[in-house]
Structure formats: structure tokens, C-alpha cells
Amino acid sequence: MDIKEVKENARERMKGFCNLCRECDGVWCAGKVPGMGGTGTGSSFKRAHDKLKEIKVVMRTIHSAVNPSLETSLFGEKLSFPAISAPITGTVFNMGGYVNDEEYSDDVVLGSIDAGTIAMIGDTGDPKCFEHGINAIKKANGKGITIIKPRENSEIIKRIKIAEEAGAVAVGIDSDGAGLVTMKLFGQPVGPKSVEDLKVLVNSTKLPFIVKGILSVDEAVLCAEAGVHTIIVSNHGGRVLNETLAPCEVLEDIVKAVGDKINVLADGSIREGVDILKYLALGAKGVLIGRPLIWGSIGGRQEGVKVTLETLKNQLYQSMILTGCSDVKNINPKTIIK
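Here the structure is a predicted model, which is why all the values come from computation and not from measurement. (Residues numbered from 1 in each chain as written. Predicted model: local features only at pLDDT ≥ 70, side-chain atom pairs only at ≥ 80, totals over all residues. Heavy atoms only, no water.)

### Regarding the sheet that holds strand 4 (residues 83-85)
A sheet is described by the order of its strands in space; here 8 strands give the open sequence 4-11-10-9-8-7-6-5, paired in parallel fashion. A single partner strand is all that each edge strand has here, and the edge strands are strand 4 and strand 5 (120-121). Relative to strand 7 (residues 170-174), strand 6 (residues 145-148) is paired through 4 bridges, and the arrangement is parallel. For Thr146, the partnering residue across the bridge sits in strand 7 and is Val171. (Pairing = 2+ DSSP bridges. Helix = DSSP H or I, 4+ residues; strand = E, 2+ residues; numbered from the N terminus.)

### Structural notes on the nonpolar core
With 82 residues, the main nonpolar core has Met14 and Ile231 as its most contacted residues. Setting aside its immediate chain neighbours within four residues, Met14 contacts Leu20, Met36, Met95, Ile294, Trp295 and Ile298. Ala170, Ile232, Leu265 and Leu288 belong to the second-largest nonpolar core, a separate cluster that totals 15 residues. (Core = buried A, V, L, I, M, F, W, Y, C linked by side-chain atoms within 4.5 Å. Buried < 20%, exposed > 50% of the residue type's maximum accessible area, 1.4 Å probe, protein only. Contact = heavy atoms within 4.5 Å.)

### Regarding the packing of aromatic side chains
Summed over the entire model, instances satisfying the criterion amount to 1 aromatic pair. For the ring pair Phe93 and Phe186, a centre distance of 5.9 Å and an interplane angle of 55 degrees mean the geometry is tilted. With Phe93 in helix 3 (residues 91-95) and Phe186 in the loop between helix 7 (181-185) and helix 8 (195-203), this residue pair connects regions lying 93 residues apart in the sequence. Judged by its relative accessible area of 25%, Phe93 falls in the partly exposed class. A relative accessible area of 36% means that Phe186 is categorised as partly exposed. Of note, Lys32 hangs over the ring of Trp28, and the distance from its end group to the ring centre comes to 5.2 Å. (Phe/Tyr/Trp six-rings, centres within 6.5 Å; stacked < 30°, edge-to-face > 60°. Lys NZ or Arg CZ within 6 Å of the ring centre and 35° of its normal.)

### A word on empty space enclosed by the protein
Going through the model one piece at a time under the given rule, you end up with 3 cavities of 30 Å³ or more. Around the largest cavity, the lining comprises 37 residues; the ones closest to its centre are Pro87, Ile88, His236, Gly237 and Arg239. Among the secondary structure elements, those contributing two or more residues to the lining of the largest cavity are helix 2 (43-54), helix 3, helix 7, strand 11 (286-289) and helix 12 (291-321). Per-element tally for the lining of the largest cavity: the top contributor is helix 3, with 3 residues. (1 Å grid on protein atoms, 1.4 Å probe; cavity = no way out; pocket = protein on both sides within 12 Å on 5 of 7 lines; lining within 4 Å. Points joined across faces, edges and corners; volume = space filled by probe spheres on them.)

### Looking at the packing of helix 11 (residues 273-281) against helix 12
In a packed pair of helices, the relevant descriptors are the angle between the two axes and the axis-to-axis distance. It is the contact of helix 11 with helix 12, at a shortest axis distance of 7 Å, that shows an interaxial angle of 60 degrees. Taken as axis vectors, helix 11 and helix 12 run oblique relative to one another. Handedness of the crossing formed by helix 11 with helix 12: right-handed. Contact residues: Gly273, Val274, Ile276 and Leu277 in helix 11; Leu312, Gln315, Leu316, Ser319 and Met320 in helix 12. Along the lines of polarity and charge, the residues of the contact of helix 11 with helix 12 split into 6 nonpolar, 3 polar and no charged. (Axes fitted to C-alpha atoms, helices over the stretch in contact; angles between N-to-C directions. Parallel < 35°, antiparallel > 145°, perpendicular 65-115°, else oblique. Left-handed = near helix turned anticlockwise from the far one by under 90°. Nonpolar A, V, L, I, M, F, W, Y, C, P; charged D, E, K, R; others polar.)

### Some points on a negative patch on the surface
Together, Asp2, Glu5, Glu8 and Glu303 make up a region of like negative charge exposed at the surface. Examined against the element boundaries, Glu303 turns out to sit in helix 12. (Patch = residues over 30% accessible without salt bridge, like charges linked within 9 Å, V, L, I, M, F, W, Y side chains within 5 Å. Areas by Shrake-Rupley, 256 points an atom, 1.4 Å probe, with all protein chains shown as cover. Salt bridge = Lys/Arg side-chain N within 4 Å of Asp/Glu carboxyl O. Lys, Arg positive; Asp, Glu negative; His and termini not counted. Charge placed at Lys NZ, Arg CZ, Asp CG, Glu CD.)

Structure follows, in C-alpha cells:
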């Protein structure tokens, strides 16, 4: 199975939900929430795509970076390249239902391991989705990360304990889910968190604690003050708030403000390996891969996820050769032009 076959299968199986457009720019699917699109006019999704594409890479071919090193470590795990699978749930109402949430969780968690990395599992209004994700992490002997919706702290802590029992390597919340439409559909209360709330959550576990959904320097600083281990610069795929900035627009300033205190990862519109290179050049220590892994699972199940990730990894490798980058750890701003 190759990436072409994976995408062709996914396109056929996701009719009406995702068109697998040649350019995944959020135009065709704008407003499809629930579904695969961006909220409202889809401007946040589209801006994340457009702004990332505006960043260009500097080609360099006079150097000795003939066999770049892609390996890195995140959350105590050695990864074959600096990419982790993003937390995604809701296969029936978001993706068309060709695979169910149990199958999707297994595909992504186990397929990620096959590709030499790890996956995050998500949370939604249907408690079965979280349960399926936890079971997938158990099948992977704990090699996975649990991301929980910003519920009441007591509910989050319950789920943190479940993740700990499953052996997860890290836990966290996607704070950008504070107004998520799909949670309202299930009558599940979610909302913003104060610094004190975050401190309670950080202190409730010995695992690294993650906050996904940071888009400003001031909130990155607050996370650092609360003792958060890792933040993920993300606008939730443009699926929760119209007219937001793109992650790549704010990432560099966030890294300058807190990058020496906490890990900073990035998420948003990564469709090929050169996009990973751009985020690393902006200062991220790693990235999250979302939508392509939906295509991977639906188009080829666990093998499709592996093929998708390995395709991105190979593209990153080639991009590093052609930009003179010998190691992912020392990719720097000179690699790009904004």
C-alpha cells in the first residue's frame, strides 16, 4: 500500500464529509462542523493553511548534510521524527463513519508506533470514545498520550487517573475545546481554565501535563507560571472560533517568550514534510499531525496510518537534504523566509 492508494480509498469512503482536495485549504469543507471543515466561514482553517504556505524555505545544496538525523525525544520517548499524531474523535459525525471510534483509535495509536512515533487520544461527549482511546493505549503498552476536554477539574482528574492506570506517557487538556460545538450536542459542560485551575491539574499527576490550544504569548506565559510541561500552539484546526490567527503566525514569539521554560509543539495544516520543517524552523520542538491520519485510517486502517506518517517522514528527510539541515534539533530560522 502506498500513499496514493490510501488517499484514493479515503476519498471514496468519505464522500460528503471530505473531498480530499488537491490543496487541503479548507474551502470545500468551510462551515462543515460537525464534519471536517472550519467553523463559520472557515476563515481560521483557511488562514492556517494560507499563512503556512506563505512561508518559504531556502534551498541549499552546497553542504555535507547527506544523511540528516530525524530522531528526537519527547515525553521520554524516542521518536523516529518530531511528529506526534493529534487527538481526534467523532468518526461517525465528523468523518462519515467508515471506521468507528474504536477502530480509529487502534489504527492511529498502533500505526503511529509502527512508524516510530506515538499518538494522542482524544475526548468527546460520548464517553465510549475516551474509553476506546484508553484501550488503544493499553494495547500499545502505554505508548500514548491522553488529551481531555476542558471539563470541570474533578472530571478531568478522574480521566487523568484512568490514563495513569493505562500507563500513558503524558496527559493534558485541549483548552481550545472550551466552546466546542460537538460537546454541546452531548450536553457536556466545558469551559476556560484559570491559572489556579491549571495548577490543580498539574499537581494532580506526576506525568507531564500538556495544554493544547495556545495562540498568544500571554497565555503561554501563564501556562509556564502554572507549571505546565508542554504547550501546543494550535487553533483546533480552525474548528472552534472563526477569524483566529494561524498557529505559524504566533509560534515564533511564543517560543521566544517561554521556549527555555517549557516544551513548545505546533499543530495546524501540516500536509507534507516541508510543513514540519517550517514549524521546526519557527522554533517548535515537534508537531502534531491531524487530518492526514484520518485519511490514513479510513483509507488503509493501521497500515494506512503508518504509510501516511512514513510518507511525511521521508518528505521531511528530503526537505532537510535540500535545505542543508543535518539534524532536526538544529533546524533554525535561516532555513525559511517569512
